[in-house]
Amino acid sequence: MGIIPQIIANSIIAGAIYALIALGFNLIYRTTKFFNLAHGALTVVGGYAMFFLYKELGWNVYASAVLAIVFAGFVGYILDKAIFRQLRLRKASQMVFLVASLGLLTVIQAIIAILFTSQFQTLANNSTESRVYTIAGGIITQTQAIILICGIVVLALLTLMLKKTMFGRAVNAVSDDEEVSKMVGIHTDKIIGWVFFIGSAIAGLSGILVGFDTGLEPTMGMHLLLKGVIAAIIGGVGTMHGAFAGAFLLGFAENFGVWQFSGEWKDAIAFIILIIFLLFRPQGIFKK
Amino acid sequence: MDKITKIIVGVIVVVVIIWGGYALMGKPAAGGTITIGFVGPLTGDAAVYGAEEKNAITLALKEINEAGGINGKTLAVVYEDGKCAGKDATTAAQKLISVDKVKVILGGTCSGETLAIAPIAEQNKVIVMSAFSSSPDITAAGDYIFRNSPSDLDVAKGYANYIVNKKGYKNVAILSENTEYGVGVRKVFVDEMNNLGGTVTTDEMFKQGERDFRGMIAKIKAANPQAVFVNPQAGATGGTAIKQIREAGITAPIFSTYTFGGEDGIKAAGTAANDVVFFDVVGLSGEKGKALLDKYVPIYGNIAGNTFDVGARYDTVFIIAGALKQCGEDSECMKDYLYAMGNYDGVLGSYKFDANGDVVGIEPMTVKIIKDGKIEELK
Amino acid sequence: MPYLIHIAILFFIYAILGVGLNLIVGYAGLLSVTHAAFYGIGAYATAVALAHYGLGFFASVILGIVITAIVSLLAGMVLSKFKDDYYALASFGFNVIAFSIFLNWESVTKGPLGIPGIDRPSLFGFTFSANETFLALAVVLFGAVYALAHFIANSSFGRVLKAIREDEKALEVFGYKVAYFKLAIFVIGAAMASIAGSLFASYITYIDPSSFSLNESIFILAIVIMGGLGSLRGTLAGALFLILLPEILRFVGLPTDIAAQMRQIIYGAILVLLMLYRPKGFIGEYEVK
């Protein structure tokens, strides 16, 4: 029986990472209604910005993290301003956005690979052992605990923002109907710009945390993104707590799947879960 | 077609014509140069190995050419990117054979590359010499195919033997990467474990480049093995797995293979790398090996991929140079020379090729241990 | 010359793949990103049939088509429940699942070790071992596939597909069983991919799962989009461009570590630029609106 608490712990850890990505992705999706594959690239941007500041320049870890997160948000904002806004102007279809974001993901990953080489890098300070905590029979490391806490904090902040602030209400309005929002006088482009900034900043944060936990590679964006998207969809795309729930469900499914079957099928399990949900409950766990 | 389309089509046509003409004419052969080819992963997941093989070749070329080259002619290498994939390796080999007109290809690095190149090389009577491919399938790949890297078959048996007989661990868990190398080693290791009367407590496989091993590690921990054998293809992957094994609280000794034992692996594992014992296929520990390291490291830094690979590739250049000196670019003559070659004293030790082009005479392994981030030999 | 022949053979293989996908994406409007899975089934069917059972190449092509048809029928039925982005995402899923099967079903596919030693095709005693003859075979098969695609595109079946793409609801009102049409074209496109796979396996004589990953599906999709959805000639231009691009870069002489990344940058940038300024692709008819 001793293995189950650890499997649960592993599921929670995996879920926490997916949750962060899903939250950022979800925020952008509910507002702009398109699948932004470039979101994956922003995790890499955040992670490597942190690598540059913290490991190569040797700056303080907290300052580097904040700067890296802001930088990722900024890059996301620029992408929106330069490219996605043009597409929105032309009322481009889903396919166009998808393909364009795919192109951006490819370009950004390649640029980072040129700047930092495709070698594996780790943000962690490997000369000291990582601190581990044992909770109810399951072991998690300090980094993983931080990931979990960040996920909860981000969820809380986002929910608060969307419900309580003026900005949040504007975001909701734009999500519901962009046209009407414009008519009512909301600066939709500006709001969307900020949404991209926030969403991309969250992505950057995810990248940094993953960098500490398992390391950085320029190509990690796509894989993280796919898991995040699956989490967002099965949770109920567009809702914040949906993204959170979906992420943990995915984490559990994967880890219990690995326990019962074998490690090689992990990715396939994730997609099978997705397809099952799409077939039988496409609106996800939490309806919007 | 509208204007833009015409322009685009026109550009494509022009490019094709220019490049086609260039390819057809081929490069003018420099009278005093002998050109051979290289196919290896210069980009992609395995790029570290390809890049370091390229460094080893550069070093070897310099020495050969400074010593008079091949009977007065300069030896030159054209490098092509095989990307550790059959399709790309084939394209690379095709280009080398028909455009650069090489009669020797140093490559592939990955077994997939070597296996894909083999048929074209055989057809065109081009010598192929790999320094790192270990798939058992290469043994029968062709008359012109050689390698100074041992087949997985020989090596993995040694691993099982060491763990069970020398160290006395009968219950062992194995964690393998689901790639050509990992799968090859796993099969032989598990078979040999059973032959020796040991038990494989857990047999898990992970996909290439996996970063989250915790589920599999939980299973390993539950079965309480006496030792854990981590069998990766890339150092970073293996290192991450080892780190997570220790994080999970498993204290059993960890064994791994030479794919882990480079800088990438040690960096990824962090403090967990301490006391990990890994099997290196013959260290660059002999005199010649140390001399190579003394030359290599100041220029290219520490070897992040694999020291055997670097050493083996370095040797192959000299071996081929020997064949070229004897035969010129007559590949049939070179082929016979290689089969008949007596013991070659290289960086890897003293060895030659058997009737299949496989290497004979290299110790299947030496055992090393990591202490405080440094690799040391374990006697 | 042999180098050009090699490139030409790859071109025709990718042209077949592109044409099949164009029928699905360009004509019927189904954003399928799992084409490499069917490519893989065809390749493995040929590989196993030739290397292990000594079957002939052409028999293996038929075998590949049959297996692919069954699998794509099932996949198509599941996918037909989805639209647009969800369709794309679910199709990603199929590719990942198919890839996992190629990688893990070791008893059949030998997993990552791959299947070496696949013979070249032979017909009535003549073996296509020389690349020149193989090129001829590739051209013939391509011609057949292209002719079929052209026929479909210009037939009433093709017109219905285009109408579905433009306005599915309207067609349903008129009594057309839209689902059947979409399924039919999906299976046809998949079968074409299978043929390309068989050619690929017999040409390179060695296959492993890495050629049939999600990245490959995205590459084939890029060929179709760049060339222009709904235009078969466009797909040829797209295939030509994307096959030649890495070869040209090879000759430009960039340091090789940078070269591959440069290729990715150019490739990604073109996708973005096309979407911004010319969503029709090089010679497109269907404006990706």
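Each chain has its residues counted from 1, following the order in which its sequence is written. Starting at A for chains and at 1 for ligands, labels are handed out in the order in which the entities are written. In view of the model being predicted, local features appear only for residues whose pLDDT reaches at least 70, and side-chain atom pairs are presented and counted only at 80 or more, with totals across whole chains, interfaces and linings using the full set of residues.

Student: I'd like a rundown of the overall build of chain A, residues and numbers included.
Tutor: When its secondary structure is counted, chain A shows 11 helices and two strands. Each helix is a run of DSSP H or I of at least 4 residues and each strand a run of E of at least 2, with the numbering of both proceeding from the N terminus. Along its sequence from the N terminus, chain A presents helices and strands in the succession α-α-α-α-β-β-α-α-α-α-α-α-α. Within these notes, the globule rule equals 2.2 Å times the number of residues to the 0.38 power, and the radius of gyration is based on C-alpha atoms. The C-alpha radius of gyration of chain A comes to 19 Å, within 12% of the 19 Å expected for a compact globule of 288 residues. Seen through its C-alpha atoms, chain A measures out along the principal axes to roughly 60 × 50 × 35 Å. Considering only intrachain contacts with a sequence separation of at least 6, the fraction spanning at least 24 residues in chain A is 77%. Throughout, a pair of residues is in contact if the C-beta atoms placed from their backbones lie within 7 Å.

Student: So what about the overall build of chain C? Which residues, and what values?
Tutor: Helix and strand counts for chain C come out as 12 helices and two strands. The order of α-helices and β-strands along chain C, N terminus first, is α-α-α-α-α-β-β-α-α-α-α-α-α-α. Relative to the 2.2 N^0.38 estimate, which gives 19 Å for 289 residues, the radius of gyration of chain C is 19 Å and therefore close to what a compact globule would have. The principal-axis extent of the C-alpha atoms belonging to chain C is close to 55 × 45 × 35 Å. For the exposure call, what matters is how many other C-beta atoms sit within 10 Å of a residue's own: 20 or more marks it buried, 12 or fewer exposed, and in between partly exposed, using C-beta atoms placed from the backbone. The buried share of chain C, reckoned over its 289 residues, is 58%. Considering only residue pairs separated by 6 or more positions, chain C has 77% of its internal contacts joining residues 24 or more positions apart.

Student: Lay out the interface of chain A and chain B with the relevant residues and their values.
Tutor: Reports often express the size of an interface as the amount of accessible area lost when the parts come together. If you look at the interface, chain A gives 29 residues, while chain B gives 25 residues. Sorting elements by how many residues they give to the side of chain A that touches chain B places helix α1 (residues 3-32) of chain A first, with six residues. Looking at the side of chain A that touches chain B residue by residue, the class counts come to 10 nonpolar, 16 polar and three charged. In this count, Pro and Cys sit with the nonpolar residues alongside Ala, Val, Leu, Ile, Met, Phe, Trp and Tyr, while Asp, Glu, Lys and Arg are called charged and the others, Gly among them, polar.

Student: For the nonpolar core, give the residues involved together with the corresponding values.
Tutor: Most often, soluble globular proteins keep nonpolar side chains buried together rather than apart. In these notes, a nonpolar core means any group of buried Ala, Val, Leu, Ile, Met, Phe, Trp, Tyr and Cys residues linked to one another through C-beta atoms within 7 Å. Judged by nonpolar contacts, the single largest core of 331 residues is most densely connected at L23 of chain A, I105 and V128 of chain B together with I13 and I16 of chain C. Sorting elements by how many residues they give to this core places α1 of chain A first, with 17 residues. Where each domain begins and ends follows an automated or database-derived domain assignment. Of the domains in this structure, domain 1 (33-150 + 286-360) and domain 2 (153-280) of chain B are the two that each give at least three residues to this core. With near-sequence residues (within four places) excluded, I13 of chain C lies in contact with A138, A196, L199 and F200 of chain C.

Student: Now, about the pairing of strand β2 (residues 74-81) of chain B: what can you tell me, with residues and values included?
Tutor: Residue and element names in this part refer to chain B. Sheet analysis places strand β1 (residues 33-40) next to β2, joined by eight bridges and oriented parallel. Within the sheet, the bridge partner assigned to I36 lies in β2 and is V77. Traced from β1 through helix α2 (residues 47-66) to β2, the parallel crossover comes out right-handed. The rule for pairing is simple: two strands pair if DSSP sees at least two bridges between them. We call a crossover right-handed when, viewed with both strands directed away from the observer, the connection leading from the first strand over the helix to the second proceeds clockwise.

Student: Could you give me a rundown of the interface of chain C and chain A, with the residues and numbers involved?
Tutor: At the junction of the two partners, chain C supplies 33 residues and chain A supplies 33 residues. Top contributing element to the side of chain C that touches chain A by residue count: helix α4 (residues 84-104) of chain C, with 13 residues. Of the residues that constitute the side of chain C that touches chain A, the class distribution is 23 nonpolar, six polar and four charged.

Student: Hey, could you go over the sheet that holds strand β14 (residues 366-371) of chain B for me, with residue numbers and the actual values?
Tutor: Residue and element names in this part refer to chain B. Taking strand neighbours across the sheet as the criterion, the seven strands line up as β7-β6-β8-β9-β10-β14-β15 in an open arrangement whose pairing is mixed. Edge positions in the sheet fall to β7 (199-206) and β15 (374-377), since each has one partner strand and no second. Across the sheet, the mean angle separating the axes of adjacent strands is 25° when strand polarity is ignored. Note on geometry: axes are C-alpha line fits, over the in-contact stretch for helices, and angles between N-to-C directions span 0 to 180 degrees. The sheet contacts of helix α8 (residues 235-247) involve β6 (171-177), β8 (227-231) and β9 (254-257), and relative to β8 the element is tilted by about 155°.

Student: Please set out unusual backbone geometry residue by residue, giving values where relevant.
Tutor: Leave glycine aside and you will find that most residues have negative phi; peptide bonds, for their part, are mostly trans. Between G107 of chain B and G108 of chain B the backbone carries a cis peptide bond, its omega angle lying at -15°. Its identity as a non-glycine residue notwithstanding, K33 of chain A has a phi of 65°, on the positive side. Assignment of secondary structure puts K33 of chain A in the loop between α1 and α2 (38-56). Located in the positive-phi region is T205 of chain C, a residue other than glycine, with phi close to 65°. In this fold, T205 of chain C is placed in the loop between α9 (178-204) and α10 (214-227). T205 of chain C sits in the buried class, given 23 other C-beta atoms within 10 Å.

Student: Quick rundown of helix α4 (residues 94-116) of chain A? Include the residues and the values.
Tutor: Residues and elements named next belong to chain A. An expected span of 1.5 Å times one less than the residue number is assigned to each helix. Over its 23 residues, α4 runs 33 Å from end to end, which matches the ideal 33 Å to within 8%, given 1.5 Å per residue. With 18 of 23 residues buried, α4 lies mostly within the body of the structure. One or two positions beyond α4, positive phi appears at T117, with a value near 65°.

Student: Break down the packing of helix α6 (residues 131-154) of chain C against α9 of chain C for me, with residues and values.
Tutor: All names here are of chain C. One way to put it is that α6 packs onto α9 with a least axis distance of 11 Å and a crossing angle of 175°. The orientation of α6 with respect to α9, classified from their angle, is roughly antiparallel. Residues F134, A138, L141 and V145 of α6 lie in contact with α9, whose contacting residues are M192, I195, L199 and Y203. A per-class count over the contact of α6 with α9 returns eight nonpolar, no polar and no charged. By the definition adopted for this analysis, an angle is roughly parallel if under 35 degrees, roughly antiparallel if over 145, roughly perpendicular if from 65 to 115, and oblique otherwise.

Student: A description of the environment of G197 of chain B should follow, citing residues and the corresponding values.
Tutor: Examined against the element boundaries, G197 of chain B turns out to sit in the loop between α6 (180-195) and β7. Along the chain, G197 of chain B and D336 of chain B lie 139 residues apart, while their C-alpha atoms are 43 Å from each other.

Student: An account of the environment of W59 of chain A is requested, with residue identities and associated values reported.
Tutor: Examined against the element boundaries, W59 of chain A turns out to sit in the loop between α2 and α3 (61-89). Residue classification places W59 of chain A among the partly exposed residues on the basis of 15 C-beta atoms within 10 Å.

Student: Can you break down the sheet that holds strand β5 (residues 145-147) of chain B residue by residue, with the values?
Tutor: Residue and element names in this part refer to chain B. The strand order β2-β1-β3-β4-β5 describes an open sheet built from five strands, whose pairing is parallel. Bordering the open sheet on either side are β2 and β5, each of which pairs with just one other strand. Each adjacent strand pair in this sheet contributes to an overall mean axis angle of 25°, direction not counted. When β1 meets strand β3 (residues 104-107), the two strands line up parallel, connected through three bridges. Each residue of the ladder has a partner; that of G37, found in β3, is I105. Packing of helix α11 (residues 307-327) onto the sheet brings it into contact with β1, β2, β3 and β4 (127-130), and relative to β3 it is tilted by some 170°.

Student: Break down the confidence of the model for chain C for me, citing the residues and quoting the values.
Tutor: When pLDDT is averaged across chain C, the result is 87; 96% of the residues are at 70 or more. The complex model carries a pTM of 0.85, and its ipTM stands at 0.84. The quantity called pLDDT is the predictor's confidence in a given residue, expressed from 0 to 100.

Student: Give me α1 of chain A: which residues, what numbers.
Tutor: Residues and elements named next belong to chain A. With 30 residues, α1 ought to run about 44 Å at 1.5 Å a step, and its terminal C-alpha atoms sit 43 Å apart, in line with that. With 26 of 30 residues buried, α1 lies mostly within the body of the structure. Just downstream of α1, K33 is the residue with a positive phi angle, here 65°.

Student: Give me the pairing of strand β2 (residues 138-141) of chain A: which residues, what numbers.
Tutor: Taken together, the four bridges between strand β1 (residues 132-135) of chain A and β2 of chain A define a ladder with antiparallel strand orientation. When the bridges of β2 of chain A are listed, T134 of chain A appears paired with I139 of chain A.

Student: Describe in detail the confidence of the model for chain A, supporting the description with residues and values.
Tutor: Overall, the predicted model of chain A reaches an average pLDDT of 87, with 97% of residues at or above 70. Per-element confidence in chain A is highest for α2 of chain A, whose mean pLDDT is 92, and lowest for β1 of chain A, whose mean pLDDT is 79.

Student: Lay out the environment of A222 of chain B in plain terms, naming residues and giving numbers.
Tutor: All names here are of chain B. Here A222 lies in helix α7 (residues 214-222). On the basis of neighbour counts, which here come to 17 C-beta atoms within 10 Å, the residue A222 falls in the partly exposed class. For the pair A222 and T201, spaced 21 residues apart in sequence, the C-alpha to C-alpha distance is 9.7 Å.

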